[in-house]
Amino acid sequence: MKALILVGGFGTRLRPLTLSVPKPLVDFANKPMILHQIEALKAAGVDEVVLAINYQPEVMLSFLRDFETKIGIKITCSQETEPMGTAGPLALARDKLLDGSGEPFFVLNSDVISEYPLKQMIDFHKHHGGEASIMVTKVEEPSKYGVVVMEEETGLVQRFVEKPQIFVGNKINAGIYLLNPATLDRIQLRPTSIEKEIFPKIASECSLYAMVLPGFWMDIGQPRDYITGLRLYLDSLRRIAPSKLSKGTHVVGNVIIDASAHIGEGCLIGPDVSIGQGCVIEDGVRLSRCTIMRGVRIKRHSCVSGSIIGWHSTVGQWARVENMTVLGEDVHVSDEVYSNGGVVLPHKEIKTSILNPQIVMGVDSG
């Protein structure tokens, strides 16, 4: 069985992290975002994943080579020379996806994090016998999204309504699809939207079905949603794999700490924190609702909340970092500095406080 992951472009919404690596390789809960998806696909019986990409394919592939062997899955790239939308990449990768078996294939949006109930989706697809299945998720404010109007009992999709001003339903496209090979015949090799051009046609032929996603869902393509996604992901771990969460007198709520990280005395960590490989958290540090990526040092008595600290950065002692601050790779925040929503480019040094949310050039470090 095969799968295509829509990787796309430059990841501008997650800068400055994507100035160092392509967006799918940005760590989420201590492993690259895309690895969560590849592992879930493998568990569902997929043996080949095609990455639809138009940016740095060689970086992606060289990084993922290690995981090919570890996970036991083939990973290839289909490179766009121009942005092809959400359907064009399927036409471009047609020869990689068709193997003559007639088996359906998965398509995933690389920004989406969920519990990936892919085996259930295969059963759902076989049961309804239609051409395509899409995963939908319930939202509280459907007027911000394109809504999928469907029969509750069967899942048959009737129509799509873009940002409805009156209530027509509360289910939106979750960016996870299972498609029969016949769908590829509908897609021309040009920039095309699968949501606006292809799915409505299949729905009009009564051959598109929607499965309501159990558990959580989040598009983590921007910092605020990334932090929310981490909370939902850790909540999910608490339910389905509590042994993966860290325990201890210094831990509050749901926290994951890599075994190689060092935690000092008198720290208070949590809720909703991930601490990566080789991190050093010195004495008396307070961390909540944040991601601390690989190789970071948080010095004594500093406080980080609601923020993302990029690889190999340092937060000085008695510093305070909060309100969706995002530090790129190798950023050094001096002692006693306050950051209120600063977005700091890689390899910079911050010597004065950032009092209001802003993009900060800083001083080159080193």
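Heads up: these notes are all about the structure in this document. Computed from a predicted structure; not experimentally measured.

1. Considering the packing of aromatic side chains
Then step 1. Throughout the structure, instances matching the rule amount to 3 aromatic pairs.
Then step 2. Here the aromatic rings of Phe 28 and Tyr 233 are separated by 5.6 Å at their centres, their planes lie at 70°, and the arrangement is edge-to-face. On the criterion of sequence distance, the pair formed by Phe 28 in strand β2 (residues 27-28) and Tyr 233 in helix α7 (residues 223-240) is long-range, its members being 205 residues apart. Both residues of the pair, Phe 28 and Tyr 233, belong to the buried class.
Then step 3. What links up through ring pairs into an aromatic cluster is the set Phe 28, Tyr 226 and Tyr 233.

2. Observations concerning unusual backbone geometry
Then step 1. Here Gly 270 and Pro 271 are connected by a cis peptide whose omega angle stands at 0°.
Then step 2. Topologically, Pro 271 is positioned in the loop between β16 (268-269) and β17 (273-275).
Then step 3. A positive phi angle is found at Ala 29, which is not glycine, with a value near 55°.
Then step 4. Following the sequence through the fold, Ala 29 ends up in the loop between β2 and β3 (31-32).
Then step 5. Accessibility expressed as a relative area gives 7% for Ala 29, which makes it buried.
Then step 6. One non-glycine residue with positive phi stands out, namely Asn 30, at about 70°.
Then step 7. With respect to the helices and strands, Asn 30 occurs in the loop between β2 and β3.
Then step 8. Given a relative accessible area of 30%, Asn 30 falls into the partly exposed group.

3. Overview of the environment of Leu 118
Then step 1. Relative to the helices and strands, Leu 118 is located in helix α5 (residues 118-128).
Then step 2. Residue classification places Leu 118 among the buried residues on the basis of a relative accessible area of 1%.
Then step 3. With sequence-adjacent residues up to four places away left out, Leu 118 is seen in contact with Ala 40, Leu 41, Ala 44, Phe 106 and Ile 176.

4. Topic: α7
Then step 1. Over its 18 residues, α7 extends 25 Å from the first C-alpha to the last, a length consistent with the 26 Å expected when each residue adds 1.5 Å.
Then step 2. Listing the buried residues of α7 in full gives Pro 223, Tyr 226, Ile 227, Gly 229, Leu 230, Leu 232, Tyr 233, Leu 234, Ser 236 and Leu 237.

5. Let's talk about the pattern of salt bridges
Then step 1. Enumeration according to the criterion identifies 14 salt bridges in this entry.
Then step 2. A salt bridge links Glu 131 to Arg 186; the shortest N-O distance between them is 2.8 Å. Taken as a pair, Glu 131 in the loop between α5 and β8 (132-138) and Arg 186 in the loop between β11 (171-179) and α6 (194-204) lie far apart in primary sequence, 55 residues in all.
Then step 3. For Glu 131, a relative accessible area of 10% gives the class buried.
Then step 4. Of the charged contacts, one joins Arg 297 and Glu 282 as a salt bridge, the two residues approaching to 2.7 Å between their closest N and O atoms. Of the two residues, Arg 297 sits in strand β21 (residues 297-298) while Glu 282 sits in the loop between β18 (280-281) and β19 (286-288), which places them 15 residues apart along the sequence.
Then step 5. The class of Glu 282 is buried, set by a relative accessible area of 18%.
Then step 6. One network of salt bridges, in which partners are shared, links Lys 2, Glu 48 and Lys 74.

6. Observations regarding the packing of helix α1 (residues 33-43) against helix α2 (residues 57-72)
Then step 1. Relative orientation of the contacting elements α1 and α2 amounts to 35°, with a least axis distance of 12 Å. Crossing angle aside, the handedness with which α1 passes α2 is right-handed. Note on element contacts: α2 touches α1 through Met 60, Leu 64, Phe 67, Ile 71 and Gly 72, opposite Ile 34, Leu 35, Ile 38, Glu 39 and Lys 42.
Then step 2. Its residues assigned to classes, the contact of α1 with α2 shows 7 nonpolar, 1 polar and 2 charged.

7. Remarks on the nonpolar core
Then step 1. One finds Ile 5, Phe 28, Ile 34, Leu 41, Leu 51, Phe 106 and Tyr 226 to be the most contacted residues of the largest nonpolar core, which totals 68 residues.
Then step 2. In terms of residue count, α7 provides more of this core than any other element does, 7 residues in total.
Then step 3. Residue contacts for Phe 28: discarding those within four places in its chain leaves Met 33, His 36, Ile 113, Ile 220, Tyr 226, Gly 229, Leu 230 and Tyr 233.
Then step 4. With 29 residues, the next largest nonpolar core counts Val 251, Ile 275, Cys 279 and Ile 309 among its residues.

Reading the values: the criteria
- Residues numbered from 1 in each chain as written.
- Predicted model: local features only at pLDDT ≥ 70, side-chain atom pairs only at ≥ 80, totals over all residues.
- Heavy atoms only, no water.
- Phe/Tyr/Trp six-rings, centres within 6.5 Å; stacked < 30°, edge-to-face > 60°.
- Helix = DSSP H or I, 4+ residues; strand = E, 2+ residues; numbered from the N terminus.
- Buried < 20%, exposed > 50% of the residue type's maximum accessible area, 1.4 Å probe, protein only.
- Contact = heavy atoms within 4.5 Å.
- Expected span 1.5 Å × (residues − 1).
- Salt bridge = Lys/Arg side-chain N within 4 Å of Asp/Glu carboxyl O.
- Axes fitted to C-alpha atoms, helices over the stretch in contact; angles between N-to-C directions.
- Left-handed = near helix turned anticlockwise from the far one by under 90°.
- Nonpolar A, V, L, I, M, F, W, Y, C, P; charged D, E, K, R; others polar.
- Core = buried A, V, L, I, M, F, W, Y, C linked by side-chain atoms within 4.5 Å.

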